[in-house]
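# Residue-level structure breakdown
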Amino acid sequence: MAAIRRNGGTMRQLLITALLLAAWNAAPAARAQTPLSRPAAHVAIMDGQSGALLYCQDCETPMPPASMSKLMTVEIVAEHLRTGRINMNTRFRVSENAWRHGAMSEGSHMFLDLNSEVSVADLLRGVITVSANDACIVLAEGISGSEAAFVQEMNTRAQALGLRSAHFTNATGLPDPQHIISAADLARLARHLILTYPELYRLYSERNFTYNNHAQENRNPLLGASEGADGVKTGHTNESGYGLIGSAVRGGQRRIIVFNGMDSMAARRSEGLRLMNAAFDAFAVRRLASAGDQVGEAQVWLGSRRSVPLQAQTDIFVGATRGVQSGLSAHIVYNGPIHPPIAQGAVIAHLVVAGPGFPAQRFPLVAGRNIGRANWFARAWEGLRATVFGAS
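Figured I'd write up the structure that's included with this text. Because the structure is predicted, anything quoted here is derived from the model rather than measured. (Residues numbered from 1 in each chain as written. Predicted model: local features only at pLDDT ≥ 70, side-chain atom pairs only at ≥ 80, totals over all residues. Heavy atoms only, no water.)

Over its 17 residues, helix α9 (residues 265–281) runs 24 Å from end to end, which matches the ideal 24 Å to within 8%, given 1.5 Å per residue. Residues of α9 that are buried sit in contact with β3 (42–47), β4 (53–57), β9 (229–237), β10 (241–250) and β11 (253–262). (Helix = DSSP H or I, 4+ residues; strand = E, 2+ residues; numbered from the N terminus. Expected span 1.5 Å × (residues − 1). Contact = heavy atoms within 4.5 Å.)

What follows covers the pairing of strand β17 (residues 347–355). Along any regular strand, the residues point their side chains to alternate faces of the sheet. Here 5 bridges tie strand β16 (residues 329–335) to β17, and the two strands are oriented antiparallel to one another. What sits directly across from S329, in β17, is A354. Taken together, the 7 bridges between β17 and strand β18 (residues 358–367) define a ladder with antiparallel strand orientation. The residue of β18 that forms the bridge with V353 is Q361. In sequence, β17 turns back onto β18 through a hairpin of 2 residues, with G357 there showing a positive phi of about 70 degrees. (Pairing = 2+ DSSP bridges.)

What follows deals with the state of the cysteines. Following the criterion strictly, the structure yields 1 disulfide and no others. Here C56 is linked by a disulfide to C59, with a sulfur-sulfur distance of 2.0 Å. With the S-S bond torsion at -105 degrees, the cross-link from C56 to C59 turns out left-handed. (Disulfide = S-S within 2.5 Å.)

With that out of the way, let us pick up the pattern of salt bridges. Applying the stated rule across the entire model yields 12 salt bridges. Among the ionic pairs, E75 bridges to R157, the shortest N-O distance being 2.9 Å. Taken together, the residues E75 in helix α2 (residues 70–83) and R157 in helix α6 (residues 147–160) connect sequence positions 82 residues apart. With relative accessibility at 22%, the residue R157 sits in the partly exposed group. Where R202 meets E199, a salt bridge forms, and the shortest distance between an N and an O atom there is 2.6 Å. (Salt bridge = Lys/Arg side-chain N within 4 Å of Asp/Glu carboxyl O. Buried < 20%, exposed > 50% of the residue type's maximum accessible area, 1.4 Å probe, protein only.)

Geometry of an aromatic ring pair is reported as the spacing of the ring centres plus the angle between the planes. For the structure shown, the criterion picks out 2 aromatic pairs. Considering the side-chain rings of F209 and Y211, the 6.4 Å spacing of their centres and the 15 degrees angle between planes classify their relative orientation as stacked. No difference in accessibility class separates F209 from Y211, as the two residues are buried. (Phe/Tyr/Trp six-rings, centres within 6.5 Å; stacked < 30°, edge-to-face > 60°.)

A few words on the pairing of β4. Examined bridge by bridge, β3 and β4 share 4 bridges and lie antiparallel to one another. Its bridge partner being in β4, M46 is matched across the sheet by L53.

What follows concerns the sheet that holds β11. As summarised here, the arrangement of the 5 strands in space is β4-β3-β11-β10-β9, forming an open sheet in which the pairing is antiparallel. Of all the strands in the sheet, just β4 and β9 have a single pairing partner and so form its edges. Looking at each pair of strands side by side, their axes are set apart by 5 degrees on average, direction ignored. One ladder, built from 8 bridges, connects β9 with β10; its direction is antiparallel. Counterpart to H236 in the pairing with β10 is Y242. (Axes fitted to C-alpha atoms, helices over the stretch in contact; angles between N-to-C directions.)

Attention shifts here to unusual backbone geometry. For the bond running from G231 to V232, omega is 5 degrees, close enough to zero to count as cis. With respect to the helices and strands, V232 occurs in strand β9. The step from P340 to P341 runs through a cis peptide bond, and the omega angle for that step is 5 degrees. For P341, the position within the fold is in the loop between β16 and β17. Positioned with a positive phi, N212 is a non-glycine residue whose angle comes to about 55 degrees. Relative to the helices and strands, N212 resides in the loop between β7 (208–211) and β8 (214–217). One non-glycine residue, L302, adopts positive backbone phi at about 55 degrees. Secondary-structure assignment places L302 in the loop between β13 (294–299) and β14 (307–312).

So, on to the environment of L310. Here L310 lies in strand β14. Taking relative accessible area as the criterion, L310 reaches 0% and is therefore assigned buried. Once the C-alpha coordinates of L310 and A346 are considered, the two residues, 36 residues apart in sequence, prove to be 9.9 Å apart. Setting aside anything within four residues of it in sequence, one finds L310 in contact with D293, Q294, V295, G296, E297, A298, I332, I348, A349, L365 and V366.

This is the structure:
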């Protein structure tokens, strides 16, 4: 049954529907309930289909991402490829700057020769497969004229994609106190690449890359070791420790994991395998409502109707462990009663899902129809009633 509570002008309506209950009860029992908190400093686990954040351990805090930020470098290149400004056969010259900060440095590189011209296809494979710093700089200079101009494009694009924690100062991920992004935003960026550029994403599963007679292996420890793993990127600096963005598909479901701060490559490998298994075994994701579904109503004050239907603005997914899911509840929250006019499609409420051990999540709800003002007689009558009997 429905219950309504008033609190400081905010109304909460407990949503208990067959749809909501079925979403929890239809879930098969999870195979593991093991707590995930372990040595990594920042951990995010995301459902690849819905984008639901399944687990967060300090995952919204900006951190030094090292080479994991090369996902944004690749995203900019991918967008230029998509719009036709460049193509895979476009060739860029290796400047002395790229050569000195890449092939002549101690960092990862693909052994580019000074003043040589290299195709975008080879440069992308260098960035994606062997984390080549020289390739990042060549791409940045070739596309934007300078690495600084390219970085401006990275930051603009990050904001457009909703990556609020991101601020980049270079195309490589080399240490800089201002070069930061959260684990959750890295997961969001990885999901964006997977969904938006599927052909390009396939490069992340390549196990090795040979250029200029130098054969190098992909450092991703999940490839070939974790079922269904097909990406995405490792990172390491002394400041950040060893980190990983990993993704895999099992049973038609995709999970994305991000973690950082491990003290060795071996620790990164074992933690990556453990977290990826937990991502599939310990969590279930359920759709509570599809975009356009009516999930409740909101009261209207002096409108042409006394209530307005509330619809899900987007698909609503919630993911958590089976044990946590059984304790969740959902409430509709809005400031009301709502005064007309109300425009169909306007966000006027939120569905809040919360429970023990589960940070509250809010999902926007929109008006399902237009609601105008009541006629003059109804408004006058309500004014008289309020004067005589008081507002209720």
